[in-house]
Amino acid sequence: MGEQLTEDDIRKIKKEISDRKGPIRAKILEELKAAKAQGDLSENFEYYSAKRANGRNNSRIRYLERLIKYGKVVEEAEDDGRAGINSKVTCLFMDRDKEASYRIVTTVRQNPLIGLISVQSPVARALMGHREGDIVHVDLGDGRGYDLKILSIEKEDDSQDEINPY
């Protein structure tokens, strides 16, 4: 595994584990108990639904605990004008004359649909360590790629980001 995690990622993961072991587990077990009390378990949808919810919750707890156990702590970008983790980078695609903004995050918080790109993505790897005004090449392998011009870099707060559910 060995995911890259910031201190804030670890804090959020520990909170989710605590919630899942506490109130979420208690609610699921209460639903399981109520479903068992209905009698015949062979055709009891509520019982099977509660069992599945319990299994998913326990699986998520194990996954999160493994993330912490095997994760590597990485530092967020410093406010020195260079692109790094939690930097919002606005770029110009040189070949299309189109702008896009991305925020570089750890793999457990990536969500490309809302502009959160993994530090391991080709775009983030190309941007890391560069400054405003730099032109970087995004290598896609097999001789393919494109150039980006960095228009601006801003340090972003990640307190509202969530850890991916998968």
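Residues numbered from 1 in each chain as written. Predicted model: local features only at pLDDT ≥ 70, side-chain atom pairs only at ≥ 80, totals over all residues. Heavy atoms only, no water.

1. Looking at the environment of Pro-122
- As for its position among the elements, Pro-122 is in helix 3 (residues 122-127).
- Taking C-alpha positions, Pro-122 is 9.5 Å from Gly-141, a pair spaced 19 residues apart along the chain.
- When near neighbours in sequence (up to four residues on either side) are disregarded, Pro-122 contacts Val-138, Asp-139 and Leu-140. (Helix = DSSP H or I, 4+ residues; strand = E, 2+ residues; numbered from the N terminus. Contact = heavy atoms within 4.5 Å.)

2. Considerations on the packing of aromatic side chains
- In the structure shown here, the tally under the stated rule is 2 aromatic pairs.
- Ring centres of Tyr-47 and Tyr-48 lie 5.6 Å apart, and the angle between their planes is 70°; this geometry places the pair in the edge-to-face category.
- Here Tyr-47 falls in the buried class, since its relative accessible area comes to 12%.
- Tyr-48 sits in the partly exposed class, given a relative accessible area of 42%.
- Of note, Arg-96 hangs over the ring of Phe-93, and the distance from its end group to the ring centre comes to 4.5 Å. (Phe/Tyr/Trp six-rings, centres within 6.5 Å; stacked < 30°, edge-to-face > 60°. Buried < 20%, exposed > 50% of the residue type's maximum accessible area, 1.4 Å probe, protein only. Lys NZ or Arg CZ within 6 Å of the ring centre and 35° of its normal.)

3. Considerations on unusual backbone geometry
- With phi around 50°, Asp-97 is a residue other than glycine that occupies positive phi space.
- As for its position among the elements, Asp-97 is in the loop between strand 3 (87-93) and strand 4 (98-105).
- Of note, the phi angle at Asp-142 is positive, near 55°, even though the residue is not glycine.
- Overall, the relative accessible area of 78% leaves Asp-142 in the exposed class.

4. A few points about helix 1 (residues 7-37)
- Spanning 31 residues, helix 1 covers 44 Å between terminal C-alpha atoms, matching the ideal 45 Å at 1.5 Å per step.
- Buried residues along helix 1 sit in contact with strand 1 (4-5), helix 2 (45-70) and strand 2 (72-73).
- Immediately beyond the C-terminal end of helix 1, within one or two residues, lies Gly-39, with a positive phi of roughly 105°. (Expected span 1.5 Å × (residues − 1).)

5. Let's talk about helix 2
- The end-to-end C-alpha separation of helix 2 is 37 Å, in line with the 38 Å expected for 26 residues at 1.5 Å each.
- Buried residues of helix 2: Tyr-47, Ala-50, Ala-53, Asn-54, Asn-57, Arg-60, Ile-61, Tyr-63, Leu-64 and Leu-67, and no others.
- At its buried positions, helix 2 is contacted by strand 1 and helix 1.

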